[in-house]
Amino acid sequence: MALLVIALAALVPTVNTYVAQRQKLSELQSQVSQQEQQVESLREQVARWDDPTYVAARARERLLFAMPGETQYRLTDTSGSDVPLTEAEQAAEAAKEGEWFSVLWESVEGSSRLTPEDIPDETGSTDDDVSEQNPADDTTDQDTDQ
């Protein structure tokens, strides 16, 4: 019986270490496979840029380039602003902007960086707007004996 207890005491830590190492190995292998997939997709993206038609299409889309002899039209509404985005484009823009709470928190952080000089006084001007000496108050000492 004592021999069995000693054998278990010697084997249990070894088995635990073996199992933990196997789990870590399987996690690392899955991580490596995911990274290999990412590398492959990045290689495909790089390969696309070797195609001149793909480069021309991206330049037209992103930079509004046109081929010689072409005329581009930019649609605006009656106020002169750009035409509103489609629903898909609006969703993509909203996803780029981030979550509403992160935008809110950024505005709170930005307002905490205000200094007293940035806050307007009762007249609506800041300390930078008001000169130190008002020219209307500039009085010269005149000789009152005359």
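Residues numbered from 1 in each chain as written. Predicted model: local features only at pLDDT ≥ 70, side-chain atom pairs only at ≥ 80, totals over all residues. Heavy atoms only, no water.

Got a minute to help me understand the overall build of the protein chain in this structure?
Counting its regular elements, the protein chain contains four helices and zero strands. Counting helices and strands in the order they occur from the N terminus, the protein chain gives α-α-α-α. Here the protein chain holds 146 residues, and the buried ones make up 3% of them. Surface summary for the protein chain: the accessible area is close to 13700 Å², and the carbon and sulfur share equals 56%. (Helix = DSSP H or I, 4+ residues; strand = E, 2+ residues; numbered from the N terminus. Buried < 20%, exposed > 50% of the residue type's maximum accessible area, 1.4 Å probe, protein only. Areas by Shrake-Rupley, 256 points an atom, 1.4 Å probe, with all protein chains shown as cover.)

For this particular structure, what's the right way to read the packing of aromatic side chains?
For any pair of aromatic rings, geometry is given as the distance between the ring centres together with the angle between the planes. Inspection of the entire model under this criterion finds one aromatic pair. Geometrically, the ring pair formed by Trp 49 and Tyr 54 is edge-to-face, given 5.1 Å between the ring centres and 85° between the ring planes. The class of Tyr 54 is buried, set by a relative accessible area of 19%. (Phe/Tyr/Trp six-rings, centres within 6.5 Å; stacked < 30°, edge-to-face > 60°.)

It is not clear to me how helix α1 (residues 2-48) should be interpreted in this structure. Could you clarify?
For an α-helix the count is 3.6 residues per turn, leaving residues at separations of three or four pointing the same way. Along its 47 residues, α1 runs 70 Å from first to last C-alpha, staying within 8% of the 69 Å computed at 1.5 Å per residue. Where α1 bends most, the angle comes to about 25°, and this point is Leu 11, followed within four residues by the proline Pro 13. (Expected span 1.5 Å × (residues − 1). Bend = angle between axes of the 7 residues up to and from the residue.)

When you look at a nonpolar patch on the surface in this model, what are you seeing that I'm missing?
Together, Met 1, Leu 4, Val 5, Leu 8 and Val 12 make up a nonpolar patch on the protein surface, roughly 540 Å² of accessible area in all. A relative accessible area of 52% places Leu 4 in the exposed class. (Patch = residues over 30% accessible without salt bridge, like charges linked within 9 Å, V, L, I, M, F, W, Y side chains within 5 Å. Salt bridge = Lys/Arg side-chain N within 4 Å of Asp/Glu carboxyl O.)

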